[in-house]
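# Close look at the chain arrangement
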Amino acid sequence: MTGAVRLEPVDEQNIEPLLSVAVAEAEPADVMPPVAAPAGWSHARREAFREYHRANFGGLDAATRTAMYAILASGEVVGMIRMTRRDEPDAVEVGMWLGRSARGQGIGAAALRELLNLAAAAGMRIVVADTSPENRGALSVLEKCGAKLRENDDRVHAEIHLDATPPAL
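The present account deals with the structure reproduced in this document. (Residues numbered from 1 in each chain as written. Predicted model: local features only at pLDDT ≥ 70, side-chain atom pairs only at ≥ 80, totals over all residues. Heavy atoms only, no water.)

## Brief notes about unusual backbone geometry
At Arg65, a residue that is not glycine, the phi angle is positive and equals roughly 55 degrees. Assignment of secondary structure puts Arg65 in the loop between α3 (43–54) and β2 (66–73). Even without being glycine, Ser74 reaches a positive phi, approximately 50 degrees. By secondary structure assignment, the location of Ser74 is in the loop between β2 and β3 (76–85). (Helix = DSSP H or I, 4+ residues; strand = E, 2+ residues; numbered from the N terminus.)

Below, the structure is given as structure tokens:
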């Protein structure tokens, strides 16, 4: 991995760099909910990306119950990681994406470790994620960060208990 990895709350200062990485290095379906818009990174899809992220500026205690963070490596925005409150009072769900050029360098695991620290500081005890069995990158990151994986039909459920001993770096 090159350079330090840090997280910054997604805000007006980093939303455009985040969108630039998404457009250049990811598919819309990988970085935002589906929207009715022309295929690819159309103007409408770019606006929907901005609005989706702006709707989550309030953090865990706002209406969307989601905190989003830009992932920075060597000072450059390379992706996004989020946590969303679940119905259980001490649990959040995590989701993340990285631009293609940032994958396979340990950035995902470093970002998830940082998010686990933020989740613990917010009083969370359980972090969960759901992904497909084909998403080998996500599964590897989750395992490196101590997740217990459970496959169920066409999904893999991951669970990390924050009161457990953290995995070695």
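Further notes follow.
## Some thoughts on the pairing of strand β7 (residues 155–161)
As defined by bridge partners, strand β5 (residues 126–131) adjoins β7 across 6 bridges and the pair is classed as antiparallel. Bridging from a neighbouring strand, Asp130 pairs with His157 of β7. Direction of pairing for strand β6 (residues 148–152) relative to β7: antiparallel, over a ladder of 5 bridges. Paired with Glu151 across the two strands is Val156, which belongs to β7. Connecting the antiparallel pair β6 and β7 is a turn made up of 2 residues, with Asp153 showing a positive phi of about 55 degrees. (Pairing = 2+ DSSP bridges.)

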